[in-house]
Amino acid sequence: MPPVSRIPLIGVSTSITVDKTPERAYVNSTYLHAIQQAGGVPVPLPPQLSPRALGTVARELHGLLLTGGGDIDPALFGEAPHPTLYEVAPTRDALETAAVRLALERRLPILAICRGIQILNVALGGTLHQDVGTDPGTELRHSQQAPRDQPSHKVQVAPGSRLAEVLGTDEVEVNSMHHQAVRAPGRGLVAVAWAPDQIIEGVELDDRERFVLAVQWHPEELVSHSAPARRLFSALVDAARA
Ligand code: MN
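First, a word on what this report is: a plain description of the structure on this page.

Re the overall build of the protein
Of the regular secondary structure elements, the protein holds 6 helices and 13 strands. Taken against the 2.2 N^0.38 rule, which gives 18 Å for 242 residues, the C-alpha radius of gyration of the protein at 17 Å falls within 12% of a compact globule. Out of the 242 residues belonging to the protein, those deemed buried represent 53%. Counting only contacts in the protein whose residues sit at least 6 apart along the sequence, the fraction spanning at least 24 positions is 70%. Of the roughly 10,800 Å² of accessible surface on the protein, a fraction of 53% belongs to carbon and sulfur atoms.

So, the nonpolar core
Leu65, Leu163, Trp217, Leu232 and Phe233 are the most contacted members of the largest nonpolar core, which has 35 residues in total. When residues in this core are grouped by element, the largest group, 7 residues, is from helix α6 (residues 227-241).

Things to note about unusual backbone geometry
Across the chain, the bulk of peptide bonds are trans and the bulk of non-glycine residues have phi less than zero. Residues Thr21 and Pro22 are joined by a peptide bond in cis, for which omega reads -5°. Inspection of the secondary structure puts Pro22 in the loop between β2 (15-16) and β3 (25-26). The residue Glu87 is not glycine, and still its phi comes out positive at about 50°. Its place among the elements puts Glu87 in the loop between β5 (63-66) and α3 (90-105). With a phi close to 55°, Cys114 is a non-glycine residue in the positive phi region. Topologically, Cys114 is positioned in the loop between β6 (110-113) and α4 (115-123).

Some words on empty space enclosed by the protein
Applying the stated rule across the entire model yields 2 cavities of 30 Å³ or more. Its volume calculated, the largest cavity comes out at about 70 Å³. Forming the boundary of the largest cavity are Leu45, Leu54, Ala58, Leu61, Gly63, Leu64, Ala99, Leu102, Ala103, Arg106 and Leu108. Secondary-structure elements contributing two or more residues to the lining of the largest cavity are α2 (51-58), β5 and α3. When its residues are assigned to classes, the lining of the largest cavity shows 9 nonpolar, 1 polar and 1 charged. Size it by volume and the second largest cavity reaches roughly 50 Å³. Taken together, Ser15, Ile16, Val18, Gly70, Glu87, Ala89, Arg92 and Arg115 form the lining of the second largest cavity.

A word on the layout of surface pockets
Roughly 370 Å³ of volume is contained in the largest pocket. In this structure, the largest pocket is lined by 22 residues; those nearest its centre are Gly68, Gly69, Gly70, Tyr86 and Met177. The residue inventory of the lining of the largest pocket, partitioned by class, reads 6 nonpolar, 12 polar and 4 charged.

Considerations on the environment of Ile72
Tracing the backbone through its elements, the reader meets Ile72 in the loop between β5 and α3. Relative accessible area serves as the criterion here: at 0%, Ile72 is assigned to the buried category. As for Ile72 and Arg52, which are separated by 20 residues in sequence, their C-alpha atoms are 23 Å apart. Apart from the residues within four sequence positions on either side, Ile72 is in contact with Leu85, Asp93, Arg115, Gln118, Ile119, Val122, Leu128 and Gln180.

Cut-offs applied
Residues numbered from 1 in each chain as written. Predicted model: local features only at pLDDT ≥ 70, side-chain atom pairs only at ≥ 80, totals over all residues. Heavy atoms only, no water. Helix = DSSP H or I, 4+ residues; strand = E, 2+ residues; numbered from the N terminus. Rg over C-alpha atoms; globule rule 2.2 N^0.38 Å. Buried < 20%, exposed > 50% of the residue type's maximum accessible area, 1.4 Å probe, protein only. Contact = heavy atoms within 4.5 Å. Areas by Shrake-Rupley, 256 points an atom, 1.4 Å probe, with all protein chains shown as cover. Core = buried A, V, L, I, M, F, W, Y, C linked by side-chain atoms within 4.5 Å. 1 Å grid on protein atoms, 1.4 Å probe; cavity = no way out; pocket = protein on both sides within 12 Å on 5 of 7 lines; lining within 4 Å. Points joined across faces, edges and corners; volume = space filled by probe spheres on them. Nonpolar A, V, L, I, M, F, W, Y, C, P; charged D, E, K, R; others polar.

Here's what the structure looks like:
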């Protein structure tokens, strides 16, 4: 066991209820278990945190996990809402955008999952497909009917990328529970993983000194039976410890 002071604190973004009372902040337990199994301490970051409160917490953190959830407000990348848009939460968009900026400024490692890859991308000026089911050229089913912990499509990972190095493979079977996806990568981000229909499933910061990895699938649901999924969380916590 490392001494207590070397156990990394990982900020974990959380959801906020939309159009429901009482308002709540919440997060799937799978993220919290995955961080702890990898040796870190998850620190949930409720969207209700003020900018000042977030700044105070961020000074204590060693890494950031951006989690899944509802859609990003398309106004943030200059588009009108698609009819399938759901669960837009401006409070959460703002908290996560601020958390991304603080983490990049402080050179904290970042792992971004599902909605996380999308908010990371938009925070850096990138754009999204608002609905991969209706955008041209996207025939694959990305909203799987299989259980959340079962894979449903393959992803090819760019050989030599940081993501391939962390996963330990250039091809993974992943689950898929998304209808938005990265279209144009934001500043400094490069696409490093693709579904068979060429939808982007992974990006990373084009700077090997930094640990900023993002995936469109949900590794937190796969950790019990997938070594590549476990390695994503271990790599985040190890980078946070360094
Ligand atoms: Mn997918």
